[in-house]
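Listed below, chain by chain, are the residues.
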Amino acid sequence: MALADTPEPLGGASAPSWRARILSLGSVPPPALVVLGIISVQVGAGLAKHLFDRLPPSAVVSMRLLTSAIVLGFLARKALRTVLRDHSRSSLAIAACFGLALALMNVSIYQSFARIPLGAAVTIEFLGPLTVAIVASRRPRDALWVVLAGAGVVLLARGGTEGLDPVGVAFALLAGVCWAAYILLTAATGKRFSGTTGLAFASIVGTAVVLPAGAASAGAAMLDPELLLIGVGVGLLSSVIPYSLELEALRRMPARVFGILMSLEPAAAALVGMLLLGEFLTFRQWVAVCCVVAACVGVTRGQRNPPEAPEA
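About the cut-offs
Residues numbered from 1 in each chain as written. Predicted model: local features only at pLDDT ≥ 70, side-chain atom pairs only at ≥ 80, totals over all residues. Heavy atoms only, no water. Patch = residues over 30% accessible without salt bridge, like charges linked within 9 Å, V, L, I, M, F, W, Y side chains within 5 Å. Areas by Shrake-Rupley, 256 points an atom, 1.4 Å probe, with all protein chains shown as cover. Salt bridge = Lys/Arg side-chain N within 4 Å of Asp/Glu carboxyl O. Helix = DSSP H or I, 4+ residues; strand = E, 2+ residues; numbered from the N terminus. Buried < 20%, exposed > 50% of the residue type's maximum accessible area, 1.4 Å probe, protein only. Axes fitted to C-alpha atoms, helices over the stretch in contact; angles between N-to-C directions. Parallel < 35°, antiparallel > 145°, perpendicular 65-115°, else oblique. Left-handed = near helix turned anticlockwise from the far one by under 90°. Contact = heavy atoms within 4.5 Å. Phe/Tyr/Trp six-rings, centres within 6.5 Å; stacked < 30°, edge-to-face > 60°.

(A) Representation of a nonpolar patch on the surface within the structure. Together, Val35, Leu36 and Ile39 line one region of the surface with nonpolar side chains, adding up to about 230 Å² of accessible area. Inspection of the secondary structure assignment puts Ile39 in helix H2 (residues 30-51). Overall, Ile39 belongs to the partly exposed group, its relative accessible area being 40%.

Below, the structure written as structure tokens:
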């Protein structure tokens, strides 16, 4: 998640030892942190897809959101105690909409994962942040990147023996719309809540919406210790770990460079799908992934301050 709050070191704290510096994230180059975050997100998605044989996607989403809500809620526990008292109804409504967008985004992309390859789903979903970046840019030449990205999606979704499940494509497109809304609501929430309080509140709202449906669809299987442990792993890999890595990277690198590196996510998803799930894309589908990645890089390179695009 590309939330660029960069807290300063605590005053009066002694300088860390050389050993602590080596073991800290600060010793890792920022591009490596971004790449590790991308890999973490996609490995988490692959692990989630492995669970679909034993749990419905809605239950896996519930586990992921519950894990991130618990972690974020713990970190922001002091501010959350008075969040209803300290913020207006309009601010709380925006944060609640933020949580609903988060929940629907995750439900949609997991439903897409259940029907089409991981790389194809993430590539189509990436149209959401790409659209936000292009609208914010308003440069005529960005129309070329729109055409390139559209050509990539057409190549992915084209019918025939190698075509994708249209329902899976529709869910990926819905996830992209939710991702775009998520980006806009991130900015609106960040203006009204300090630190991670808004994100924690939104995560709790999203979890509260999804958890009943997930529990009802999975039944007693959701309480299986093994499945719960894997679900926690999905939540850590897909949300908590990449958020920490990307936040540290944003402290030490320009947002434009960060956006370019994040554009590699569809290709990373395709590689993880191939290595972990045995989902081999056709040559045409790889060309489609490259078209969308190139469009994302092209849009981001021309911007001084591109819109932040948190991970789905």
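(B) Examining the packing of H2 against helix H14 (residues 265-277) more closely. In the contact formed by H2 and H14, the axes pass within 9 Å of each other and the chain directions differ by 45°. Taken together, the axis directions place H2 and H14 in an arrangement best described as oblique. Between H2 and H14 lies a crossing whose hand is right-handed. Facing Ile38, Val41, Gln42, Val43, Gly46, Lys49 and His50 of H2, the residues of H14 in contact are Glu265, Ala268, Ala269, Val272, Leu276 and Leu277.

(C) Here's a closer look at the packing of aromatic side chains. Here the structure, examined in full by the defined rule, presents four aromatic pairs. For the ring pair Phe98 and Tyr182, a centre distance of 4.9 Å and an interplane angle of 45° mean the geometry is tilted. A residue pair is termed long-range when its members are at least 10 positions apart, and Phe98 in helix H6 (residues 89-113) and Tyr182 in helix H10 (residues 166-190) qualify at 84 residues. Of the residues examined, Phe98 reaches a relative accessible area of 2% and is grouped as buried. By relative accessible area, which is 0% here, Tyr182 ends up buried.

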